[in-house]
Amino acid sequence: MITTITIFIPLLGAILISLLRGDERTTRYAALGIAAVPLLLATYIYFAHGGNLSGAANLSQDLTWIAPLDIGYRVGLDGLGFGMFFLTALLTLIAVVASWDIRERLSTYFALLFVAQTGMLGVFASNDLVLFYIFFELTLIPMYLLVGIWGDENRRPAAIKFFIYTFLGSTAMLAGFLALGVLGGTFSIPELQGGGGLGTTAQIAIAAPILFGLLVKVPAVPLHNWLLDVYVSSPISTNVVLSGIMPKLGTFGIISIAIPLLPAGVAPFLPWIAALGVVNIIYGAFVAFLQPDLKALIAYSSIGTLGFILVGAAATNAVGYNGAVLQQVTHGIYSAMLFVIVGIIAAKTGTRQIAELGGLAARMPWATGFLALGAMAAMGLPFLAVFASEFMSIMGGYEAFPVQGALAALGIILSAMYFLYMLARVMFGPITNPAYESITDANPVEMAAITPLAALLLILGIFPALLIGIQRPAVEAVLAAIGGG
Amino acid sequence: MPVTGEAIVGLLPEIIATVFLFVVLLGGVFAGERNSGLVGALATLGALATFASAAVLLAVGFEGTFFGDSYAVDNFSLFFKLIVSGTAFFTVIAATRWAGTTGDAPEYMTLILSVVVGAMLLASMRDLFGLFLALEIATIPSYAMVAFDRSRRESAEGGMKYLVTGVIASSVLLYGLVLIYGVTGSANLTQVAEAFSGELTPVGLVGIGLMLSGFAFKLSAAPFHFWTPDAYQGAPTSAAAFLSVAPKAATFAVLLRILVEGLPGATTTWASILAVIAIITMFVGNLSALRQRNVRRMLAFSSVAHSGYILVAFAAIQGGGQQTGIQAVLIYSAAYAVMNLGAFFAIDLVGEDAKSFNGLFKTQPALALCMGVFMAALVGIPPFSGFFGKAWVILAGAQSGSILVYAAVGALVINSVISLPYYFGIVRNMFLEEPVSGGVARKDDGGVRFSVYALAILTTVFILFFGLLVTLTGASGLL
C-alpha cells in the first residue's frame with residue numbers, strides 16, 4: 001500500500017499543480033512540497049523495512065486485473081529496485097529545485113515532471129509485465145514535452161528523435177512481453193523467474209526483442225543516436241531526470257526482467273551485452289575527450305559509465321550483479337550532479353564551450369569544487385560512490401568474460417584522462433575572458449540542488465554497504481533462480 | 001416465422017431507434033425547419049434510449065435467435081450495438097448546431113439514425129441475404145450523409161465517389177454471397193458451416209474471395225481503400241467521424257460472425273487472405289498518412305491503417321488465438337470508437353490544416369490536451385485506449401501459432417512506429433510551435449466541445465474499465 005501511495009502521489013500532485021492558480025513563488029513551493037512526499041515515504045521505507053524489503057507485507061500489492069491471462073496490478077519493492085526507487089524520489093526533488101531556468105508555464109513543467117515521476121517509480125516497483133510496460137511508456141510523452149517545450153533551439157528534432165527511437169524499442173519490447181506472458185501462463189514477474197517453463201528456442205526468440213528495446217533505452221552504443229541531441233538540448237532540471245533515471249529504466253529491465261525471466265534466452269547474448277558495455281565505456285570516453293561542449297562531454301561520459309552496468313549485469317555472478325545494481329544508483333547521483341553544475345556554469349558565463357572557459361576556480365570556488373568532486377567520483381576514485389560499483393562490475397565482468405572485463409578496466413583510465421583534461425581547462429589557469437572577473441559563485445538555491453548529491457557520493461563511497469546490504473538478498477535470489485552463482 | 005414477445009424484447013434497440021427515426025423526421029415537420037435544437041434533442045434522446053436498451057439487454061444476459069435462426073441477439077451483437085448507438089449519441093450532439101445551419105437538421109438526424117438501425121441489424125444477422133440487406137440499410141443513408149454539405153463542392157464529390165465505389169463493392173459482395181449460397185444451398189450460417197466442413201471447392205473459394213473483397217471495400221482495406229480519403233475529406237466532419245467508426249464496427253462484427261460461425265471449416269484460407277490484406281493495409285494506410293498535410297485526409301488514411309490492425313486480429317483467430325482474436329476485435333473496435341471520434345470532432349473545432357493546430361496549447365490548453373490524448377491513443381501509447389486494442393491484437397497473434405500471423409504482428413509493431421511521426425506532428429504543432437500570428441478563426445460549438453471532452457475522458461479512463469471489458473468480451477457468444 002505504501003508503495004502504491006508513493007507511486008501515485010506525484011500523479012495526484014500533477015493534477016493539483018496544474019489546477020493551482022498562483023504566482024511563480026507559490027508554484028515552486030507547491031512543487032517542492034509535492035516532490036518531498038515520495039522522498040519522505042521512500043526514506044521511511046528504507047529505515048522501516050530496509051532489512052527485509054520483499055518480506056514486508058505492506059509494501060506489496062497483488063490485485064487481479066485480467067484474470068484469464070493472469071495480468072494484475074502487482075507492485076512491490078525488492079533490493080533490485082529500491083535503490084532506483086529512492087533515487088527517483090530524490091532526483092525529482094532535485095529537479096524541482098534546479099528548475100530556476102524555467103520561467104514560462106512553470107506549473108505545466110512541474111505537472112509533466114510529476115507524471116514522468118509516477119511512471120519511473122512505477123517501473124522500479126512493478127511486479128507485472130503489463131504494468132511495467134504501462135509505467136515505462138508513461139514517462140515517454142512527458143519527457144518528449146519537457147525537452148520539446150523548454151529545451152534550447154535544437155529541441156524539436158531532438159525531442160522527436162528521442163521519441164521515435166525509444167518508442168520503436170519499447171514496442172518491440174511489448175511484443176516480447178506479451179509473448180512471454182502468454183506462453184508462460186502469467187504476467188507476474190516473480191512467478192516467471194527462471195524461464196516460466198519455456199524452451200531455449202522460445203526464450204531466445206522472446207529475449208531478442210526485449211533486449212533490443214531495453215538496450216535502445218539505455219542506450220547501448222550502436223543504438224545511442226538519439227541521446228546526445230536530447231541531453232544537450234534539454235533544460236538542466238530535465239537533464240537531472242533524463243540522465244539520472246531514464247537510462248536505468250533500460251538497465252533495470254535487463255537486470256530484473258530479461259536476465260531473471262529468460263535466463264536461457266539471454267545466455268547467448270550475454271557476452272555481447274558485456275561487449276556492448278565495453279564499447280559504451282571506450283567509445284563514450286574517446287568521444288567525450290573530443291567534445292568542445294561541456295554538456296556534451298558530460299553526456300558522453302554518462303553513456304560511457306552506463307557501460308559498467310551492462311558489463312556487471314552480463315557477468316551474472318554475485319559480485320558483478322551487485323556492482324551493476326549499485327552502479328545504476330551511483331551513476332544517477334554523479335551524472336545528475338554534473339549536469340546541474342554545468343547548468344550553473346553555463347548560466348553564469350553564458351557559454352558551454354570548454355575553450356571559452358578557464359580559470360573559473362578563482363571566481364566560483366564552490367561550483368568548480370563540486371565539479372571536481374563529481375568528476376573524481378566519475379573517474380572511480382576510492383571513497384567516492386562510483387568506486388565500489390565500478391570496481392565490482394569490473395571484477396564480476398572479468399571473472400565471467402576476461403577480455404571484456406579487462407577492457408572495461410581500461411575505461412577508468414580513459415575517463416580519468418578526459419575529466420582531468422576538462423578540469424584543467426575549465427577551472428585552472430588564468431581567467432581568459434575579462435567578463436568572468438565579475439561572475440559570482442553558486443547561490444544558495446543552486447547549492448541546495450548540488451549538496452545532497454555530493455553528500456550521497458561521499459556517504460555511499462565510504463559506506464557502500466548501506467545499499468549493498470539491502471540489495472544482496474534480491475541479487476542472491478535472482479542468481480539462484482537462474483542457476484548461476 | 002412467428003414474432004414472439006421475446007423477439008420484440010430482443011429487437012428493442014432496433015425498434016427504439018426506428019421509432020425515434022420517425023419521431024425526428026415528423027418532429028422536424030411539425031416544429032418547423034428552424035428549430036434544430038428540438039430535433040437534435042430528440043435524436044440525442046433516441047440514441048441514448050437505444051444505448052440504454054442495449055445496455056440493459058447486455059446486463060441481464062439476454063440471448064436468443066429469432067426468425068428461423070436468422071437473427072441472433074447475444075453478448076457479441078449487443079456489444080457492437082452499444083458501440084454504434086454510443087457513437088451516434090456523441091455524433092448527434094456534435095452535429096446539432098451545424099445541421100441547423102444547413103436548414104435540413106431533421107433529414108440529417110434521420111440519416112444518422114437510419115445508419116444506426118442498419119448497423120445494429122447488421123451486428124445480429126446470421127443470414128447471408130439478411131445481412132446484405134442490413135448492410136445496404138446502413139450504407140445508403142451514409143452516401144447521403146457524405147454529400148450533405150451543399151455549401152462545399154468537395155462534399156458532393158466525396159459523396160459521388162463513395163456512392164460509385166460503394167455500389168461496386170456491394171455488387172462484388174453480393175456476388176460472393178450468392179456463390180457461397182450456390183455451393184452450400186443455404187443462406188443460414190449454421191447450414192453454411194455444415195456444408196463447408198469438407199474440402200473447399202473452387203467455386204466456394206471464389207465466393208469467399210469475392211465476399212472478402214467486398215468487405216475490404218466497405219472496411220477501406222487496401223487495395224480497396226481509395227474512396228476513403230476523398231469521402232472523409234468531403235463529408236461534413238460529423239459524418240466522417242461517425243462513418244469512420246459506427247458502420248465500420250458493425251461491418252467488422254458481421255464479417256467476424258460469417259467467418260467464425262459460417263466458415264470455420266475454411267479458417268486457414270480466410271485467415272491467410274486476411275493476414276496478407278492486413279499487412280498491405282497497414283503499410284499503405286500509414287505510409288500514405290505520413291505525406292498528408294490535411295489533418296482530415298491524414299485521419300482518413302489512419303482509419304485505413306487501423307482497419308489493418310483489426311484485420312490482424314481476424315487473421316489470429318486460429319490455433320490457440322481464437323478466443324483472444326475475437327476479443328481483440330471487440331476491444332479494438334471500442335477503443336477505436338472513442339479515440340477516432342474524438343479526433344475528428346477536435347478537427348471540427350480547430351481546422352483541417354495541420355498548421356491550424358500550431359500553438360493550440362497556448363490558446364486553448366484543454367482542447368490541445370484532448371487532441372494530445374487522442375493522438376497518443378491512436379499511436380497506441382498507454383495508458384490510453386488504443387494501447388489495449390493493440391496489445392490484445394498482439395496477444396492473439398502470439399497465441400495463434402501461425403508464421404504468417406507472426407509476420408502480420410511484426411508488421412503491426414513496425415507500423416506503430418511509422419505512424420508516430422504523423423500523429424505526433426500534430427502534438428508538436430500544438431505544444432511546441434507558436435500560434436500562427438494573427439490567430440486562426442475558429443468556430444466554437446458547445447455540442448462539439450462537449451463531445452471532445454467526454455471522449456477524451458473516455459479514452460483516458462478506458463484503462464479502469466478494461467478488466468470489465470475483457471470479462472464481457474470473454475463470453476461473447478460467438479464460438
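Conventions used here
- Residues numbered from 1 in each chain as written.
- Chains lettered and ligands numbered in written order.
- Predicted model: local features only at pLDDT ≥ 70, side-chain atom pairs only at ≥ 80, totals over all residues.
- Helix = DSSP H or I, 4+ residues; strand = E, 2+ residues; numbered from the N terminus.
- Rg over C-alpha atoms; globule rule 2.2 N^0.38 Å.
- Buried ≥ 20, exposed ≤ 12 C-beta atoms within 10 Å, placed from the backbone.
- Contact = placed C-beta atoms within 7 Å.
- Domains from an automatic or database assignment.
- Nonpolar A, V, L, I, M, F, W, Y, C, P; charged D, E, K, R; others polar.
- Axes fitted to C-alpha atoms, helices over the stretch in contact; angles between N-to-C directions.
- Parallel < 35°, antiparallel > 145°, perpendicular 65-115°, else oblique.
- Left-handed = near helix turned anticlockwise from the far one by under 90°.
- Expected span 1.5 Å × (residues − 1).
- Pairing = 2+ DSSP bridges.

A. Molecular detail of the overall build of chain B. Counting its secondary structure elements, chain B contains 19 helices and two strands. For 479 residues, the compact-globule estimate of 2.2 N^0.38 gives 23 Å, and chain B sits close to it at 21 Å. Each principal axis of the C-alpha atoms in chain B carries an extent, and together these give about 70 × 55 × 40 Å. Scored against the burial criterion, the 479 residues of chain B give a buried share of 63%. Put simply, 80% of the contacts in chain B that link residues at least 6 apart link residues at least 24 apart.

B. Examining the overall build of chain A more closely. Counting its secondary structure elements, chain A contains 22 helices and two strands. Taken over the C-alpha trace, chain A has a radius of gyration of 21 Å; the compact-globule value for 485 residues is 23 Å, and the two agree within 12%. Referenced to the eigenvectors of the C-alpha coordinate spread, the extents of chain A come out at roughly 70 × 55 × 40 Å. Out of the 485 residues in chain A, the part that is buried amounts to 64%. Counting contacts in chain A only where the partners sit at least 6 residues apart, residues at least 24 apart contribute 80% of the total.

C. Representation of the domain arrangement of chain A in the model. All names here are of chain A. As assigned here, chain A comprises domain 1 (1-261) and domain 2 (269-485). Between the C-alpha centres of domain 1 and domain 2 there is a distance of 21 Å. Each side of the interface is counted separately: domain 1 has 43 residues, and domain 2 has 42 residues. Of all the elements in the fold, those that place two or more residues in the side of domain 1 that touches domain 2 are helix H3 (79-97), helix H9 (200-217), helix H10 (227-233), helix H11 (236-244) and helix H12 (246-261). In terms of residues, the side of domain 1 that touches domain 2 owes the most to one element, H3, which gives nine residues. Split into classes, the residues belonging to the side of domain 1 that touches domain 2 amount to 29 nonpolar, eleven polar and three charged.

D. Expanded view of the domain arrangement of chain B. All names here are of chain B. The domain architecture assigned to chain B consists of domain 1 (1-258) and domain 2 (263-479). The partner domain 2 presents 50 residues to the 40 residues of domain 1 that form the contact. Elements with a contribution of two residues or more to the side of domain 1 that touches domain 2: helix H4 (75-102), helix H9 (202-218), helix H10 (227-234) and helix H11 (237-262). In terms of residue class, the side of domain 1 that touches domain 2 is built from 26 nonpolar, ten polar and four charged.

E. Region of interest: the environment of proline 141 of chain B. Residues and elements named next belong to chain B. Relative to the helices and strands, proline 141 resides in helix H6 (residues 128-146). We classify proline 141 as buried; it has 23 C-beta atoms within 10 Å. Setting aside residues no more than four positions away along its own chain, proline 141 makes contact with Leu111, Ser114 and Val115.

F. Examining the interface of chain B and chain A more closely. Contact residues are listed per partner, giving 22 residues for chain B and 25 residues for chain A. Taken together, the elements giving at least two residues each to the side of chain B that touches chain A come down to helix H17 (385-400), helix H18 (403-431) and helix H19 (446-474) of chain B. Per element, the largest residue contribution to the side of chain B that touches chain A is nine residues, and it comes from H18 of chain B. Per-class residue counts for the side of chain B that touches chain A are 17 nonpolar, four polar and one charged.

G. Here's a closer look at the packing of H17 of chain B against H18 of chain B. All names here are of chain B. Between H17 and H18, whose axes approach to 8 Å, the crossing angle comes to 155°. Comparing their axes, H18 and H17 come out roughly antiparallel. Crossing of H17 over H18 shows left-handed handedness. Taken together, the residues of H18 that come into contact with H17 (itself represented by Lys390, Val393, Ile394, Gly397 and Ser400) are Val405, Tyr406, Ala408, Val409, Leu412 and Ser416. In terms of residue class, the contact of H17 with H18 is built from seven nonpolar, three polar and one charged.

H. Structural context of helix H15 (residues 294-315) of chain A. All names here are of chain A. Taking 1.5 Å of rise per residue, 22 residues should cover 32 Å, and H15 covers 33 Å from first to last C-alpha, within 8% of that figure. Judged by how many residues are buried, H15 sits mostly within the fold: 22 of 22 residues are covered. At the C-terminal side of H15, threonine 316 shows a positive phi close to 45°.

I. Here's a closer look at the packing of helix H14 (residues 322-350) of chain B against H19 of chain B. Residues and elements named next belong to chain B. At a minimum axis separation of 9 Å, H14 and H19 run at an interaxial angle of 175°. One element, H14, and the other, H19, form an angle in the roughly antiparallel class. Tallied by class, the residues present in the contact of H14 with H19 amount to 18 nonpolar, six polar and two charged.

J. Geometry of helix H5 (residues 105-124) of chain B. A rise of 1.5 Å per residue sets the reference length of H5 of chain B, with its 20 residues, at 28 Å; its end C-alpha atoms lie 29 Å apart and thus fit the reference within 8%. With respect to burial, H5 of chain B is a largely interior element, 19 of its 20 residues being buried.

K. Region of the structure containing the pairing of strand E1 (residues 61-66) of chain A. Residues and elements named next belong to chain A. Bridge count for E1 against strand E2 (residues 71-75) is five bridges, and the pairing is antiparallel. Its bridge partner lying in E2, leucine 63 is registered against tyrosine 73. Hairpin connection of E1 to E2: four residues between the antiparallel strands, including aspartate 70 at a positive phi of 55°.

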